[in-house]
Amino acid sequence: MSEFLKIEKLQVKFGKDTVIDDLNLTIPENAITVFLGPSGSGKTTVLRSISGLNQNATGKILLDGQDISQLPVNKRNIGVIFQSYALFPNMTVFDNVAYGLRAKKVAKKEIIQRVKEMLSLVDLDKKANSYPDDLSGGQKQRVAIARSMIMKPKLLLLDEPLSALDAKIRVELRNQIRKYQQKLGITMIFVTHDQSEAMAIADNVVVISDGKIQQQGSPDEIYKKPSNEFMATFIGEHN
Ligand code: ADP
């Protein structure tokens, strides 16, 4: 497996509690890796350590060969999507998506072209002038994803991005996310506690429980060859 993202000896402590201890992990490029595990198992903590949002993390994180462990959040070239969308409510869809490019002083003409392309990819061309409050949950999350993808991050982290949406929209949007990944070749890490969602969207699954990696493999391997007792029970419970 290629080692596009490599985590070495990650440790995270909150006060006296060691939540993650000596976690080592590599993640392939141009694929969707899912972190799957029960609530409270440490998935978000690992994700926040990768993005730099977690101040309590020690260890080494290499992204595409570069040690990013000491870099501030905005220098890591990583996009983050949250369950809550986190859009700017006072800006139109267009302005939300253009925000990062404007901050980087990209030329106006290029901004217009790139935002149009991105809105077309997420099928929101007709909503360019709407405000977030006028959109459905699924549309809001597509704006958030477009706003991140337009920056061409090396890595896109999605933390339970579909959890606030109803079942039908969840399935639709996960298929859309797969489409965006394939079209743009972005490397993604997608966090979920939902096993069927994980298996449907993943190329590569990392099962985390109690701060430890229980198994990593393709959805097929995870189903057919559970590597230990925990995995056999975990998979069994959901079948
Ligand atoms: P998951 O994403 O799998 O639901 P989390 O990474 O959010 O799990 O949490 C893992 C563990 O770390 C939990 O026991 C949680 O209570 C603890 N934890 C997470 N963030 C903090 C924090 N800021 N302060 C104290 N404990 C935390």
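Residues numbered from 1 in each chain as written. Predicted model: local features only at pLDDT ≥ 70, side-chain atom pairs only at ≥ 80, totals over all residues.

As recorded in an unreviewed UniProt entry, the chain goes by the name ABC-type quaternary amine transporter, listed as coming from Companilactobacillus halodurans.

A sheet is described by the order of its strands in space; here four strands give the open sequence β2-β1-β4-β5, paired in antiparallel fashion. Taken across any chain shown, the strands that pair with only one partner, and hence form the sheet edges, are β2 (17-27) and β5 (66-67). Where strand β1 (residues 5-14) and strand β4 (residues 57-63) come together, six bridges link them in antiparallel fashion. Bridging from a neighbouring strand, Lys6 pairs with Leu62 of β4. (Pairing = 2+ DSSP bridges. Helix = DSSP H or I, 4+ residues; strand = E, 2+ residues; numbered from the N terminus.)

Among the five residues of strand β3 (residues 32-36), five are classified as buried, and the element is accordingly described as predominantly covered. Residues of β3 alternate between two faces, with Ile32, Val34 and Leu36 on one and Thr33 and Phe35 on the opposite face, all of them buried. Here β3 pairs with strand β9 (residues 204-209) via four bridges, running parallel. Residue pairing in the sheet places Leu36 in a bridge with Val207 of β9. (Buried ≥ 20, exposed ≤ 12 C-beta atoms within 10 Å, placed from the backbone.)

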